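# A closer look at the structure
Letter by letter, the chains look like this.
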Amino acid sequence: MSSSDERHDHAADANTSGESAVSRRKFLKGTGVALTIPLVAGGEKIVKAAGADVKIYGPNKTEITLTVNGSPKKVSVEPRATLLDTLRNDLDTTGAKRVCDRATCGACTMIIDGKPVYGCTVLAIEAQGRKIETVESLAKGDALHPVQQAFWDNDAQQCGFCTPGFVMACKALLDKHPSPTEEQIEMGVGGNLCRCGTYHGIKGAIAQASAALKKGPAKMTRGGKSNG
Ligand code: FES
Ligand code: FES
């Protein structure tokens, strides 16, 4: 639609006296009734939108199941709750950090269906049926994941607030590009910020983790250098 069409619609919307004025607002009001009458099927409210059945949640809390680090978790959430807040406040999974809460810092990065995602921008109800991985899934007992070990070995953290998000972004990067180029590294971790300026260490960590992952499993320990 051209800007002149939009101006025309706004003018028609503003015309409340003319009987014959057909505005976009009036059109939507008319068709909206047909689109939004909820059908109740098996206790669920369903609406038709773009030809598909869409389940309506809320306004009260609703019970959903999330698959977090391989385990199904039942949780009761308001439809407006973000995945990040639900994990942190209701599921005791606090690795992902809430810093900006507006998709700018990356501290809340987690992996959903293999892709790095800001948990503060995803609604919990949207994450149903998807595979959610947080930093808690990486270490196996005392054995750190090679990316975690590389952060440790390269002193790639100071206050640590950004670190879980960076670790998950680096894991997703190396899962996709085992030998990342400079450009792929920039793309892979460019959405994460470190206010302490540990970027040099993080670059070293990516190089070490890339080499370690290609080499295969090595014995990694919390608090010690890797032997791999
Ligand atoms: S807390 Fe989600 S991007 Fe900053
Ligand atoms: S280590 Fe402090 S923000 Fe990155």
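Every value quoted in this text rests on a predicted model; they were computed, and no experiment measured them. (Residues numbered from 1 in each chain as written. Chains lettered and ligands numbered in written order. Predicted model: local features only at pLDDT ≥ 70, side-chain atom pairs only at ≥ 80, totals over all residues. Heavy atoms only, no water.)

## Some thoughts on the side chain of S210
Which entries qualify depends on this criterion: Numbering of helices and strands starts at the N terminus; helices are DSSP runs of H or I of at least 4 residues and strands are runs of E of at least 2. The classification of residues rests on relative accessible area computed with a 1.4 Å probe and restricted to protein chains. Under 20% of the type maximum is buried, over 50% is exposed, and intermediate values are partly exposed. Residue contacts are counted whenever heavy atoms from the two residues lie within 4.5 Å of one another.
Mapped onto the fold, S210 is located in helix α7 (residues 199-215). S210 sits in the buried class, given a relative accessible area of 8%. Filtering out sequence-adjacent residues up to four positions away, S210 remains in contact with L174, P178, S179 and P180.

## With respect to the environment of T62
Within the secondary structure, T62 is located in strand β4 (residues 62-68). Excluding residues within four positions of it along the chain, T62 makes contact with Y57, V75, S76, V77 and I125.

## Let's talk about the packing of helix α5 (residues 163-176) against helix α6 (residues 182-189)
Heads up, the condition is: Axis definition: a line fit to C-alpha positions, over the contact stretch in the case of helices; interaxial angles, taken between N-to-C directions, run 0 to 180 degrees. Working rule for angles: under 35 degrees goes down as roughly parallel, over 145 as roughly antiparallel, 65 to 115 as roughly perpendicular, anything else as oblique. Crossing handedness: left-handed means the near helix sits turned counterclockwise from the far one by under a right angle, and right-handed means the same turn made clockwise. Amino acid classes used here: Ala, Val, Leu, Ile, Met, Phe, Trp, Tyr, Cys and Pro are nonpolar; Asp, Glu, Lys and Arg are charged; the rest, including Gly, are polar.
Two numbers describe how α5 lies on α6: the axes approach to 9 Å, and their chain directions differ by 135°. Our classification of the angle between α5 and α6 gives oblique. Crossing handedness for the pair α5 and α6: right-handed. Of α6, the residues touching α5 (which contributes F166, A169, C170 and L173) are Q184, I185, G188 and V189. Grouping the amino acids of the contact of α5 with α6 by side-chain chemistry returns six nonpolar, two polar and no charged.

## With respect to the confidence of the model for the chain
Reading fine detail from the predicted coordinates is not recommended where pLDDT is low. For clarity, the cut-off: pLDDT expresses how confident the predictor is about each individual residue, on a scale running from 0 to 100.
Summary statistics for the chain give a mean pLDDT of 84 and a share of 76% for residues scoring 70 or more. Across residues 30-34, where pLDDT falls below 50, the model places zero contacts with residues more than four positions away in sequence or in other chains.

## Focus on the environment of Q158
With respect to the secondary-structure elements, Q158 resides in the loop between α4 (146-153) and α5. For Q158, a relative accessible area of 58% corresponds to the exposed category. It is 8.6 Å that separates the C-alpha atoms of Q158 and G197, two residues lying 39 residues apart in sequence. In this view, Q158 contacts C196 and T198; residues no more than four positions away in its chain are not counted.

## Looking at the packing of aromatic side chains
This is how it is decided: Side-chain rings of Phe, Tyr and Trp, where Trp is taken by its six-membered ring, are said to pair if the distance between their centres is within 6.5 Å; with planes under 30 degrees apart they count as stacked, over 60 as edge-to-face, and otherwise as tilted.
Going through the model one piece at a time under the given rule, you end up with one aromatic pair. Where F166 meets Y199, the ring centres are 6.3 Å apart and the plane angle is 75°; that geometry is what we call edge-to-face. Taken together, the residues F166 in helix α5 and Y199 in helix α7 connect sequence positions 33 residues apart.

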